[in-house]
Amino acid sequence: MRRAFCDGKFELGVDEIRRRLARDVRLSDAVARVTGGLSGGRRATSVCDLYVEGGDAQGFVDWFSDAGRDDYAWSMVVASPDHFIIDSTADGRQEVIETTGGSPFATRFFVDYDDTSRLTTARDPAFALELAGVARTEADTAVGGVRHQLRDDRYGFHLRACVEFPKLMAPQMVKEHRWHLACEFSNWIEGAFSA
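Residues numbered from 1 in each chain as written. Predicted model: local features only at pLDDT ≥ 70, side-chain atom pairs only at ≥ 80, totals over all residues. Heavy atoms only, no water.

## With respect to the packing of helix α4 (residues 57-65) against helix α6 (residues 171-193)
Helix packing geometry: the angle between the two helix axes and the distance between the axes.
(1) Moving on: Orientation of α4 relative to α6, taken along the N-to-C sense of each, is 95°, at an axis distance of 10 Å. The angle between α4 and α6 falls in the class roughly perpendicular. Residue-level contacts link G59, F60, W63 and F64 of α4 to F185, W188, I189, G191, A192 and F193 of α6.
(2) Moving on: Taken together, the residues that form the contact of α4 with α6 break down as eight nonpolar, two polar and no charged. (Axes fitted to C-alpha atoms, helices over the stretch in contact; angles between N-to-C directions. Helix = DSSP H or I, 4+ residues; strand = E, 2+ residues; numbered from the N terminus. Parallel < 35°, antiparallel > 145°, perpendicular 65-115°, else oblique. Contact = heavy atoms within 4.5 Å. Nonpolar A, V, L, I, M, F, W, Y, C, P; charged D, E, K, R; others polar.)

Next up, the structure:
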């Protein structure tokens, strides 16, 4: 069912998806600007730990970061029914349109994995690898970010997925986003190591 749903999104095409979700994105941008401004740079975090049997941390980082793969956009979107578009932009950022944390409308943001300057979550030295970057709106307003940290263990690897939201984001949404993280990362991990 996930694959069929994803295929249906790709049949619509990215331009049609953007058109259909334009109202949602305008609303979510407004909420992000207000909550981000009132939060004063403070963040609320949604964290999910996954312990993976098999595979390795570097292998997953390499797979996730390889935007040149023919199936990159499809493999990113198929991981969760909440995903509409996840793809690499011309400047190397990751464009995301998804519903987060049980939100009633879709959000659009761009993750810059080369910029960690606005993240508030400290890097844990116990984790050797990370996928981290600031999330910004199309107007370049920093609205949060990600600091996903990984380390190998004797069975495979441990992934600590962390998303930063503006501090004044509804606590229920921040809490519910853990389910989103568990779903997408479980499916991405399966995709990375099933070939």
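## Focus on the layout of surface pockets
(1) Moving on: Estimates place the volume of the largest pocket at around 540 Å³.
(2) Moving on: If you trace the largest pocket, you find 39 residues lining it, with E98, T100, T107, F109 and F165 closest to the centre.
(3) Moving on: Secondary-structure elements contributing two or more residues to the lining of the largest pocket are α3 (22-39), β3 (94-98), β4 (107-112), β6 (142-152), β7 (156-166) and α6.
(4) Moving on: Here the lining of the largest pocket gets seven residues from one element, more than from any other, and that element is α6.
(5) Moving on: In terms of residue class, the lining of the largest pocket is made up of 22 nonpolar, 12 polar and five charged.
(6) Moving on: The calculated volume of the second largest pocket comes to roughly 220 Å³.
(7) Moving on: R2, R3, W63, D71, W74, S75, V78, N187, W188, E190, G191 and S194 together form the lining of the second largest pocket.
(8) Moving on: Counting only elements with at least two residues in the lining of the second largest pocket, the list comes to α1 (2-12), α5 (72-77) and α6.
(9) Moving on: Top contributing element to the lining of the second largest pocket by residue count: α6, with four residues. (1 Å grid on protein atoms, 1.4 Å probe; cavity = no way out; pocket = protein on both sides within 12 Å on 5 of 7 lines; lining within 4 Å. Points joined across faces, edges and corners; volume = space filled by probe spheres on them.)

## Concerning the environment of A90
(1) Moving on: Note that A90 resides in the loop between β2 (83-88) and β3.
(2) Moving on: Classification of A90 as exposed rests on a relative accessible area of 90%.
(3) Moving on: Remark: the alpha-carbon pair of A90 and Q149, spanning 59 residues in sequence, is separated by 26 Å. (Buried < 20%, exposed > 50% of the residue type's maximum accessible area, 1.4 Å probe, protein only.)

## Description of α4
(1) Moving on: Along α4, the residues classified as buried are A57, F60, V61, W63 and F64. Mapping the buried residues of α4 onto a view down its axis gives an arc of 165°, with all of them on the same face.
(2) Moving on: Where α4 is buried, its residues meet α5, β3, β5 (129-136), β6, β7 and α6.
(3) Moving on: The opening residue of α4, the one whose side-chain oxygen lies 3.4 Å from the backbone nitrogen of Q58, is D56. (Arc of directions from axis to C-beta. Polar contact = N/O pair within 3.5 Å; in protein donor to acceptor, adjacent residues only side chain to side chain.)

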